Amino acid sequence: MFSANRQLRMHVKDLIQQNDQAGIRPSKTYQALANAVGGPANLTFTEKDVRNYISRHLRISGDETDPKELLKHFSRMKELNPNFFFEIDMDENHSIRNVFWADAWCRAAWEYFGDVVTVDTTYKTNRYDMPFGSFVGVDHHGMFTLLGCYFIVNMDIALMDMFADRHMWVPVFFKDEFWAGMRSTQHSESIHSVFDKYLNSKSSLLQFVRQYQNCVIDKEQKELECDAADLRGIIPCVSSSPIEKRFQREYTNSMFRDVQDQFIKKADCDISSVNHHGTSKVCEVDQQKMVFDILVVLLHFRVIAVSSQYILSRWSKNVSRRHTYIMSSIDMDRSDESMTIFRELCSDFYNVAQDFVATPEVAAILRDAMDSAR
């Protein structure tokens, strides 16, 4: 417990840095390190040492340095990928008024999912209590996707309140528009649950931005996993309808489930009358439940194929989307050259070590080789 005896070895510093970047609390990091060596008594440091290392070496503190470090961070991100975009607006005292940024992956995703976008201003968690807004779309799996975000200082509170209640008045004016399932406030709740995994009220602007990048990477990974699931198999049809089979071939599994739900519910519908108006026919459909009644009309008139204009490419699993080939950049500026070399050596060692675990005798061969190299 004496200060002279306490030290953080390089592998400990690396793990602390990796966990801090991933948003893992210091207490959890300390517990994982303790478990790895059989308990805290076998460590050469305390939990306070872990916290001190984070505050002194990994985090920028102070209201004056935060804007400067934020600008440096954005500049590094743009060097990693020129398509990273940011804009910082400062006042005459060089204090931040507004910040906007968009990852290269998000900008590419906008090309496919920018047809329906909401601006969520209800998440306000950072040291300066600055309103944080995110531009949110819906991907081809029906999941929300992040398209950009901003901090803004001078926003009228009444305007924010109005937007916070927009779920009450927007549907009235746009009830006939395409919303990609965005009408529900569940999307905001889902977004906040992702943010809460990485962000907290003590975050500086730089910490906030770095952790937000983890949110983007999280959503990026979820989309890739869903894409892979669509390639592994399809959901069986519930009917023999060629129309259902067409949607099965075209749509992602998650969106096909929504279509399939309508095929199940059409059993609740029945056409009570058909009126002719010139070349048009007007059908009156009786239904026990509120469902998408067009299916029962198609069935009534023996329509077995659906026009391509009703197969929306935004829900298709057969579209090769550009943003899926873009990997989000991770800011590695906090690692010095020696730490970078250390990580590379560790990666090499792990790959070698897995071939020497069959027996203690085989493991001894590797240990002898390491001792010789040392």
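In this text, all values refer to a predicted model and were calculated from it rather than measured experimentally. (Residues numbered from 1 in each chain as written. Predicted model: local features only at pLDDT ≥ 70, side-chain atom pairs only at ≥ 80, totals over all residues. Heavy atoms only, no water.)

K.L.:
Run through helix α13 (residues 337-353), naming residues and quoting values.
P.N.:
Compared with the 24 Å implied by 1.5 Å per residue over 17 residues, the 24 Å span of α13 between its first and last C-alpha is a close match. Three or more residues of α13 are buried, namely M339, F342, R343 and A353. Taken end-on, α13 shows its buried residues confined to a sector of 100°, consistent with a single buried face. In α13, those exposed residues whose orientation departs by more than 90 degrees from the buried face are E337 and L345. Contacts made by the buried residues of α13 are with α1 (10-21) and α14 (360-373). (Helix = DSSP H or I, 4+ residues; strand = E, 2+ residues; numbered from the N terminus. Expected span 1.5 Å × (residues − 1). Buried < 20%, exposed > 50% of the residue type's maximum accessible area, 1.4 Å probe, protein only. Arc of directions from axis to C-beta. Contact = heavy atoms within 4.5 Å.)

K.L.:
Please set out the packing of aromatic side chains residue by residue, giving values where relevant.
P.N.:
Going through the model one piece at a time under the given rule, you end up with 18 aromatic pairs. With a centroid separation of 5.7 Å and 40° between ring planes, the pair formed by F74 and W101 is classed as tilted. Note that F74 is positioned in helix α4 (residues 65-80) and W101 in strand β2 (residues 96-102), a separation of 27 residues in sequence. We note that F74, like W101, is buried. With centroids separated by 5.0 Å and ring planes inclined at 65°, the aromatic side chains of F151 and F208 adopt a geometry described as edge-to-face. Here F151, found in strand β5 (residues 144-152), pairs with F208, found in helix α9 (residues 205-232); they are 57 residues apart in sequence, far enough to count as distant. Considered together, F151 and F208 belong to a single accessibility category, that of buried residues. Site record: aromatic cluster; members linked through ring pairs are F74, F84, F86, W101, F132, F151, F208 and Y212. In this structure, K219 packs its charged tip against the face of F144, placed 4.1 Å from the ring centre. The lysine or arginine in question, R314, covers the ring of W315, its NZ or CZ lying 4.4 Å from the ring centre. (Phe/Tyr/Trp six-rings, centres within 6.5 Å; stacked < 30°, edge-to-face > 60°. Lys NZ or Arg CZ within 6 Å of the ring centre and 35° of its normal.)

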